[in-house]
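Working through the structure, step by step
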Amino acid sequence: MIAYALYSMTSSIGHSFAAKPIQSDSYIVQRISSAVRTLVIGLSAMGTGIFGLAALGLFGLGIQVSIQRLRVRLPLILEKDYYPSLFSSSSND
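Analysis parameters
Residues numbered from 1 in each chain as written. Predicted model: local features only at pLDDT ≥ 70, side-chain atom pairs only at ≥ 80, totals over all residues. Heavy atoms only, no water. Helix = DSSP H or I, 4+ residues; strand = E, 2+ residues; numbered from the N terminus. Contact = heavy atoms within 4.5 Å. Areas by Shrake-Rupley, 256 points an atom, 1.4 Å probe, with all protein chains shown as cover. Buried < 20%, exposed > 50% of the residue type's maximum accessible area, 1.4 Å probe, protein only. Polar contact = N/O pair within 3.5 Å; in protein donor to acceptor, adjacent residues only side chain to side chain. Patch = residues over 30% accessible without salt bridge, like charges linked within 9 Å, V, L, I, M, F, W, Y side chains within 5 Å. Salt bridge = Lys/Arg side-chain N within 4 Å of Asp/Glu carboxyl O.

What about the overall build of the protein chain?
The number of helices and strands found in the protein chain is two helices and zero strands. Looking at the protein chain alone, contacts between residues at least 24 apart form 63% of all its contacts between residues at least 6 apart. About 8,000 Å² of surface is accessible on the protein chain, with carbon and sulfur atoms providing 67% of the total.

Shown next as structure tokens:
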């Protein structure tokens with residue numbers, strides 16, 4: 001969710017910078033403006049990438065935990081179905 005919002009923000013910043021070129025005759029102003037624009041887009045893209053990778057990692061972790069929980073529960077369910085006498089609570093004393 002946050003990664004998509006940051007992606008949208010990065011895209012809109014890029015389009016905004018592309019639509020409004022730097023209008024100055026000074027070489028220093030053009031260089032500084034270009035550096036600042038590159039820095040803004042770079043930081044935004046880096047944040048997007050970090051949150052995107054974190055989201056993928058959390059999604060993968062959720063799948064891994066789900067598989068591990070199924071591996072623990074499945075043998076118990078199968079044992080109860082195949083050997084009901086072992087799991088019955090009644091005693092033959």
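After presenting the structure, the write-up continues.
Some thoughts on the environment of Gly49
For Gly49, the position within the fold is in helix 2 (residues 27-82). When its relative accessible area of 32% is taken as the criterion, Gly49 is described as partly exposed.

Concerning the side chain of Thr10
Tracing the backbone through its elements, the reader meets Thr10 in helix 1 (residues 2-19). You can call Thr10 buried: its relative accessible area is 15%. Among the polar contacts made by the side chain of Thr10, one reaches the main-chain carbonyl oxygen of Leu6 at a distance of 2.8 Å.

Re the side chain of Thr48
Along the chain, Thr48 turns up in helix 2. A relative accessible area of 14% places Thr48 in the buried class. Here Thr48 is in contact with Ala3, Leu6, Tyr7 and Thr10, once residues within four sequence places are set aside.

Topic: a nonpolar patch on the surface
On the surface, a cluster of nonpolar side chains totalling about 800 Å² of accessible area is made up of Met1, Ile2, Leu39, Leu43, Met46, Ile50 and Phe51. Among the elements that make up the nonpolar patch, the one with the highest residue count is helix 2 (five residues). Among the structural elements, Met1 can be located in the segment before helix 1.

Structural notes on the environment of Tyr7
By the secondary structure assignment, Tyr7 is in helix 1. Distance from Tyr7 to Gly47, taken between C-alpha atoms, is 8.9 Å for residues 40 residues apart in sequence.

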